[in-house]
Amino acid sequence: MRVLFDQATPVPIRPHLERHEVRTVAEEGWDTLKNGELLATAEAAGFDVLLTTDKNIRYQQNLSERKIAIVVLGQQQWPRLRPHVRLVVEAVNAALPGSYVEVDLPAEPRHDQPRTR
């Protein structure tokens, strides 16, 4: 599949998507395009999946007629995402034309400080 990384998508995910052709919006020269225009341009260029961190895309765009699959990362910080990159790879591998999925990471364990009086 051809996968397009949106602006804030952590580039270190790229080598984990070894079975896919991965490009960034910057590499394509599309970093100034807004969501609707970006989706249409990516579809016309033959991309199968948009990997993004924009959780609002589903509310800002009518996705019902889209052919491109959209995978939304619930976290864009690579150190937090790294231990769970498998979830991203699985979501991309399972993406179907026109699908939309959000990849939420497991909650981090809380390390509350003991209260002192």
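Model, not experiment: these values are computed from the prediction.

1. Topic: helix α5 (residues 85-94)
Helical periodicity: at 3.6 residues per turn, an α-helix aligns residues three or four positions apart in one direction.
Then step 1. Along α5, the residues that are buried comprise Val85, Val88, Val89, Ala91 and Val92. In a view along the axis of α5, the buried residues occupy a sector of 160 degrees, so they form one face of it. Opposite the buried face of α5, at more than 90 degrees from it, the exposed residues are Arg86 and Ala94.
Then step 2. On its buried face, α5 is in contact with β1 (2-5), β3 (49-52), β4 (69-73), α4 (78-81) and β5 (100-103).

2. Digging into the confidence of the model for the protein
Then step 1. Put simply, the protein has an average pLDDT of 89, and 91% of its residues get 70 or more.
Then step 2. Per-element confidence in the protein is highest for β1, whose mean pLDDT is 98, and lowest for helix α3 (residues 57-60), whose mean pLDDT is 76.

3. Overview of the pairing of β4
Then step 1. Summarising burial for β4: 5 of the 5 residues are buried, a large majority.
Then step 2. The alternating pattern of β4 places Ala69, Val71 and Leu73 on one face and Ile70 and Val72 on the opposite face, and all of these are buried.
Then step 3. Two strands pair when backbone bridges link them, and β4 and β5 are joined in this way by 4 bridges, in the parallel orientation. When the sheet's bridge partners are listed, Val71 is paired in β5 with Val101.

Rules behind the numbers
- Residues numbered from 1 in each chain as written.
- Predicted model: local features only at pLDDT ≥ 70, side-chain atom pairs only at ≥ 80, totals over all residues.
- Heavy atoms only, no water.
- Buried < 20%, exposed > 50% of the residue type's maximum accessible area, 1.4 Å probe, protein only.
- Helix = DSSP H or I, 4+ residues; strand = E, 2+ residues; numbered from the N terminus.
- Arc of directions from axis to C-beta.
- Contact = heavy atoms within 4.5 Å.
- pLDDT = per-residue confidence, 0-100.
- Pairing = 2+ DSSP bridges.

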